[in-house]
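What follows is the residue order along each chain.
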Amino acid sequence: MTISLHPSTLPAVLSPVLTPFKADGSPDAQKLLKQCQWLGANGVGQAIFGTNSEANSMSARQKMATLTTLVEGGLNPAHMMPGTGATSIDATVSMTCHALDHKCAGVLMLPPFYYKDITDDGLFAYFSEVIQKVGNAALQIYIYNIPPVTKINLSLSLLERLAKEYPKTVVGMKDSSGDWAYTESVIKLLAPSGFRVYAGSEVFLMRALRAGGVGCISATANVNPRAIAELAAHWRESDADQRQAALDQVRSVFAQYQMIAGMKTAVAHFSKDPEWLRVRPPLMQLSADQQAKLLSELQKINFSMPGL
């Protein structure tokens, strides 16, 4: 078994928490706080300002103000991994320092994703400059690899170089490549030294845990938190593969739709709050027909979101 050299308070399962928006398009921090509390009560940590949070449709100022409201509202920062990566080093440093000021356990950091065909040296220079400008020994970075969106591939040699140069700072990653062979190769290479690898979907949760990963940071942890957290807690038990199949079934329903709009449809329905349907352009809500079809499919598998 891998022994982590980076003790962490973060749970095995985190959710890139959906962001509720007000009519004017600003994040509704109080509604988000309630959602984060529900996730926490179901055993799931909060990777706020991730892809499914529509983070890149919000300004750094909006995200920092929202984080302050969440922590002041009683959310446990030891279970939080806010997304702080941006295309500008200045914005990344500002949001990262803000997360550290609020005692967040780690930050999830995208690579600078605007320019394509960039070199490992260029990516290393970006992360290195951020680390040096933040200048805080408490910083724990989880690199966020999501090449289907960023169109940037993070090589094993780059990850190894970062972990070697900054062993107490670059402590893990979220891999949303969807490529299990790549995820497994990162785990094999870096987990023995304590590097914490989270799969980017619960579809890979069992495989990640069996290989030496630490868990998953997954979209559908927004809507199915308890079942995913329970599998992570009981993955060595005899019914683990059966539990994994049940998670995959829920995931497959949502995967037929634009995931963010689909999950917001479910939250709006089960919380009886239609304001949850709002997404920020360029995303669009599901059509009325799509909403009805999604909810019908969820009913067929007896899906619910108790306590929401």
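What counts and how
Residues numbered from 1 in each chain as written. Predicted model: local features only at pLDDT ≥ 70, side-chain atom pairs only at ≥ 80, totals over all residues. Heavy atoms only, no water. Buried < 20%, exposed > 50% of the residue type's maximum accessible area, 1.4 Å probe, protein only. Helix = DSSP H or I, 4+ residues; strand = E, 2+ residues; numbered from the N terminus. Pairing = 2+ DSSP bridges. Right-handed = clockwise from strand over helix to strand, strands pointing away. Phe/Tyr/Trp six-rings, centres within 6.5 Å; stacked < 30°, edge-to-face > 60°. Lys NZ or Arg CZ within 6 Å of the ring centre and 35° of its normal. Core = buried A, V, L, I, M, F, W, Y, C linked by side-chain atoms within 4.5 Å. Contact = heavy atoms within 4.5 Å. Salt bridge = Lys/Arg side-chain N within 4 Å of Asp/Glu carboxyl O. Expected span 1.5 Å × (residues − 1).

A.B. asks: Any chance you could explain the pairing of strand β6 (residues 196-199) here in plain terms?
C.D. replies: Remark: a regular strand shows side chains that alternate across the two faces of the sheet. Along β6, one buried face is formed by R196 and Y198 and the opposite face, lined by V197 and A199, is buried too. Where strand β5 (residues 170-175) lies against β6, four bridges are found, and the strand directions are parallel. The residue of β6 that forms the bridge with D175 is A199. In the classification by handedness, the crossover that spans β5, the intervening helix α7 (residues 180-190) and the parallel β6 is right-handed. Bridging between β6 and strand β7 (residues 215-217) involves two bridges; their strand directions are parallel. When the bridges of β7 are listed, A199 appears paired with C216.

A.B. asks: It is not clear to me how the packing of aromatic side chains should be interpreted in this structure. Could you clarify?
C.D. replies: Two descriptors summarise a pair of aromatic rings, namely the distance from one centre to the other and the angle between the planes of the rings. Under the counting rule described, the total for this entry stands at seven aromatic pairs. Ring geometry for Y142 and Y198: centres 6.0 Å apart, planes at 65°, overall edge-to-face. Here Y142 is found in strand β4 (residues 141-145), whereas its partner Y198 is found in strand β6, with 56 residues between them in sequence. Residue classification places Y198 among the buried positions, given a relative accessible area of 0%. Ring pairing ties together the aromatic residues F254, F270 and F303, which thus form one cluster. Directly above the aromatic system of F124 lies the positively charged group of R161, at a separation of 3.9 Å from the ring centroid.

A.B. asks: Would you mind showing me how to read the pairing of β4 here?
C.D. replies: With five of five residues buried, β4 is to be regarded as a mostly interior element. Pairing geometry for strand β3 (residues 107-109) and β4, over three bridges, is parallel. Paired with M109 across the strands is I143, a residue of β4. Handedness of the β3-helix α4 (residues 120-134)-β4 crossover: right-handed. With five bridges joining them, β4 and β5 adopt parallel strand pairing. Bridge assignment links Y142 to a residue of β5, and that residue is G172.

A.B. asks: Quick question: what am I supposed to make of the nonpolar core here?
C.D. replies: Membership of the largest hydrophobic core comes to 87 residues, with the highest contact counts inside it found for I143 and F254. Those residues within four positions of I143 in sequence are excluded, and the remaining contacts are L108, M109, F127, L154, L159, L162, V170, G172, M173 and K174.

A.B. asks: How should the sheet that holds β6 be read in this particular structure?
C.D. replies: The strands making up a sheet associate through backbone hydrogen bonding, with each pair oriented either parallel or antiparallel. Within the open sheet, the seven strands sit side by side as β2-β1-β7-β6-β5-β4-β3. Their pairing is parallel. Looking at which strands have only one partner, the edges of the open sheet turn out to be β2 (45-46) and β3.

A.B. asks: Got a minute to help me understand the pattern of salt bridges in this structure?
C.D. replies: Side chains that carry opposite charge are capable of pairing whenever their charged atoms lie near each other. Applying the stated criterion across every chain, the model contains 11 salt bridges. A salt bridge links R226 to E230; the shortest N-O distance between them is 4.0 Å. Placement of both R226 and E230 in helix α9 (residues 225-233) is noted, with a separation of four residues, approximately one turn of the helix. With a relative accessible area of 42%, R226 lands in the partly exposed category. Relative accessible area serves as the criterion here: at 33%, E230 is assigned to the partly exposed category. One network of salt bridges, with partners in common, ties together R226, E230, D239 and R243.

A.B. asks: Looking at this structure, I do not really get helix α1 (residues 29-41). What am I missing?
C.D. replies: In a regular helix each residue adds 1.5 Å, so 13 residues correspond to 18 Å; α1 covers 18 Å between its end C-alpha atoms and thus fits that length. Burial in α1 covers these residues: A29, K31, L32, L33, Q35, C36, W38 and L39. Just beyond α1, the residue with positive phi is G43, at close to 85°.

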